[in-house]
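Each chain is listed here by its residues.
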Amino acid sequence: MAEHNESAAYPVGLRLAGRRVVVLGGGQVAQRRLPALIAAGADVLLISPSATPSVEAMADAGEVRWERRRYTDGDLDGAWYALISTDDPDANRAASAEAEARRVWAVRSDDAEAATAWTPATGRSEGVTVAVLTGRDPRRSAAVRDAIVEGLRDGSLTAPHFRTHPAAGHVALVGGGPGDPDLITVRGRRLLARADVVIADRLGPRDLLDELPPHVEVIDAAKIPYGRFMAQEAINNALIEHARAGKSVVRLKGGDPFVFGRGMEEVQALAEHGIPCTVVPGISSTISVPGAAGIPVTHRGVAHEFTVVSGHVAPDDPRSLVDWEAVARLRGTLVLLMSVENIGAIAGTLVRHGRPDTTPVAVVQEGTTAAQRRVDATLATVGERVKAEGIRPPAVIVVGDVVTVGTGTGR
């Protein structure tokens, strides 16, 4: 991209593989520019009486040919491109004149206006080369370049891949984080930007779905018809079906896919059908939601451990896999997920097995989102407080003295 001005440059990509490029001067400018010329496969001739250690190392490795001398007329004979960067203004002017006479495109490090070519600020991301020219403002060129490359890397700039031939489908199992769309990982956001199909959980970061291009098919996992199948089996089948159709599929989950997210069940189902799957970890609500509410799950002198427990099954339910008596004996922090409905029974069980009923408790609903709110209580009162305050899932419940350590202000 180039700004319009009186001497606007015409942007072009030079294919220099096997073609002669002459670099005059072995200082810092050459040190910055040589790696890209080498990567392009250019036949580089360096002419300079001295060089920086890095440039000298390139010559020692055989990446460039180095003639240890000053520039002389005729050095640009046969060159396709020249980089003029000596510390001798007279030599630079003479070389620039030779380049003009021989019709060799030349960059001048000391005088951009006297050059016949400008070096853009370049960056690369995911097979894309970004080159930016802003005339006489190289700092702005670099800033614009960085913004574009970072956008491609984190997915905030959408650059879809338009495949010309059918390709094998692929599934990315992406942990979307606790709710705030800014808390998805860079890799997760990038994969989401490339998706053809997104199968999303209710607890996934919904705001990210609004950013997807119109051609992306977004499927609410809760609304997949499953008839004779269990809901999870129906989701597995949908992932397999779309991947077999050659689609790039993102399974977007809240938090981390392997923390009470049934992520491994989906990975196993895909593996059984030979479908490749990429797992992208997510920021778990177990630590991020308490943190957003001003609660550290560990704190020096207060808690040296934290334990995460799912409370979706009540303590007295024979299906429960939790040793609640052992949990009650722990002295550290207890983080409860999916426990709003059963918090009264859970609190009573913890007290019955030895946790003081005065133990502080914090309930954080819709943590990290604009709707976040925090309710404080104790094990003795939390059951009633949750009902009285109308707390609804999703909510993270923290039990332990760390509740009183932080500011308590939350968002």
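Here the structure is a predicted model, which is why all the values come from computation and not from measurement.

A. The arrangement of the environment of Asp-180 in detail. Counting through the fold element by element, Asp-180 comes out in the loop between strand S8 (170-175) and helix H5 (186-194). A relative accessible area of 18% places Asp-180 in the buried class. On a C-alpha basis, the gap between Asp-180 and Thr-116 in space is 49 Å, while along the polypeptide they are 64 residues apart. Here the side chain of Asp-180 touches Asp-182 through a polar contact of 2.9 Å, landing on its backbone nitrogen.

B. Seen up close, the packing of aromatic side chains. The final tally for this structure, using the stated rule, is zero aromatic pairs. Here Arg-19 stacks its cationic end above the ring of Trp-80, 4.7 Å away from the centre of that ring.

C. Region of the structure containing the pairing of strand S9 (residues 197-200). Residues Val-197 and Ile-199 of S9 are buried on one face, and the alternating residues Val-198 and Ala-200, pointing to the opposite face, are buried as well. Note that S9 and strand S11 (residues 248-253) share four bridges and pair parallel. Paired with Val-198 across the two strands is Val-250, which belongs to S11.

D. Summary view of a nonpolar patch on the surface. Residues Tyr-10, Val-12 and Leu-14 make up a contiguous nonpolar surface patch of roughly 390 Å² in combined accessible area. Relative to the helices and strands, Val-12 resides in the segment before strand S1 (20-24). Overall, the relative accessible area of 61% leaves Val-12 in the exposed class.

E. Layout of the packing of helix H6 (residues 231-244) against helix H7 (residues 263-272). Contact pair H6 / H7: the axes reach a minimum separation of 10 Å and the direction vectors enclose 45 degrees. Judged by the inter-axis angle, H6 sits oblique to H7. As for the relative orientation of H6 and H7, their crossing is right-handed in sense. Seen from H6, the contacting residues are Gln-232, Ile-235, Asn-236, Leu-239 and Ile-240; seen from H7, they are Glu-265, Glu-266, Ala-269 and Leu-270.

F. Inspection of helix H11 (residues 382-389) at higher detail. Residues of H11 that are buried: Val-382, Gly-383 and Val-386. Mapping the buried residues of H11 onto a view down its axis gives an arc of 110 degrees, with all of them on the same face. Opposite the packed face of H11, turned more than 90 degrees from it, sit the exposed residues Glu-384 and Ala-388. Looking at the packing, one finds that the buried side of H11 touches helix H10 (343-352), strand S15 (360-365) and strand S16 (373-378). Of the residues trailing H11, Gly-390 is marked for its positive phi of about 65 degrees.

G. Here's a closer look at the sheet that holds S9. Spatial strand order, S10-S9-S11-S8-S12: five strands in an open sheet with parallel pairing. The sheet is open, and its two edges are formed by strand S10 (217-220) and strand S12 (277-280), each paired on a single side. Between one strand axis and the next, the sheet turns by 15 degrees as a mean value, whatever way the strands run. In terms of strand pairing, S8 meets S11 through six bridges, oriented parallel. Considered in S11, the bridge of His-170 is made with Ser-248. Across the sheet, H6 lies against S8, S9, S10 and S11, angled at about 155 degrees from S11, the strand it touches most.

H. Up close: the sheet that holds S16. Strand order in this open sheet of five strands is S13-S14-S17-S15-S16, and the pairing throughout is mixed. Only two strands of the sheet have a single neighbouring strand rather than two, namely strand S13 (306-310) and S16. Recorded for the sheet is a direction-independent mean angle of 20 degrees between the axes of neighbouring strands. Both S15 and S16 contribute to a ladder of six bridges, which runs antiparallel. Across the sheet, residue Gln-365 finds its bridge partner in S16, namely Arg-373. Sitting on the sheet, helix H8 (residues 285-292) touches S13, strand S14 (333-337), S15 and strand S17 (395-399), and the angle it makes with S17 is about 80 degrees.

I. Looking closely at the pairing of S17. In terms of residue burial, S17 counts as a mostly covered element, since five of its five residues are buried. Because side chains alternate across S17, one face comprises the buried residues Ala-395, Ile-397 and Val-399, and the other comprises Val-396 and Val-398, equally buried.

Procedures and definitions
- For every chain, the first residue of the written sequence is number 1, and numbering continues from 1 onward in sequence order.
- Under the rules for a predicted model, residues below a pLDDT of 70 receive no local features and side-chain atom pairs below 80 are neither given nor counted, while totals for whole chains, interfaces and linings still include all residues.
- Here the side-chain values reflect all heavy atoms present in the structure, with hydrogen atoms and water set aside.
- Elements are defined by DSSP. Helices are runs of H or I of four residues or more, strands are runs of E of two residues or more, and each kind is numbered from the N terminus.
- Relative accessible area decides the class of each residue, using a 1.4 Å probe on protein chains only: under 20% of the type maximum gives buried, over 50% gives exposed, and in between gives partly exposed.
- For the purposes of these results, a polar contact is taken to be a pair of N or O atoms within 3.5 Å, where, inside protein, one atom must be able to donate a hydrogen and its partner to accept one; residues adjacent in sequence count only when each atom of the pair is a side-chain atom.
- In this analysis, rings of Phe, Tyr and Trp, with Trp reduced to its six-membered ring, are considered paired at centre separations within 6.5 Å, and the interplanar angle assigns stacked below 30 degrees, edge-to-face beyond 60, and tilted for intermediate values.
- Two conditions define a charge sitting above a ring: the NZ of Lys or the CZ of Arg must be within 6 Å of the ring centre, and it must be within 35 degrees of the ring normal.
- Here a strand pair is declared whenever DSSP counts at least two bridges between the two strands.
- For patches, a residue must show more than 30% relative accessible area and have no salt bridge; joins then use 9 Å for like charges and 5 Å for nonpolar side chains, namely Val, Leu, Ile, Met, Phe, Trp and Tyr.
- Accessible surface is estimated by sampling points in the Shrake-Rupley manner with a 1.4 Å probe; for residues, cover comes only from the protein chains shown.
- Should a side-chain nitrogen of Lys or Arg be within 4 Å of a carboxyl oxygen of Asp or Glu, the pair is scored as a salt bridge.
- To get an axis, fit a line to the C-alpha atoms, keeping to the stretch in contact for a helix; angles then go from 0 to 180 degrees between the N-to-C directions.
- Convention used here: angles under 35 degrees read as roughly parallel, angles over 145 as roughly antiparallel, angles from 65 to 115 as roughly perpendicular, and any remaining angle as oblique.
- Helix crossings are classified by the rotation of the near helix relative to the far one: an anticlockwise turn of less than a right angle makes the crossing left-handed, while a clockwise turn makes it right-handed.
- In what follows, a contact means two residues having at least one pair of non-hydrogen atoms within 4.5 Å.
- Think of the arc as the fan of directions from the helix axis to the C-beta atoms.

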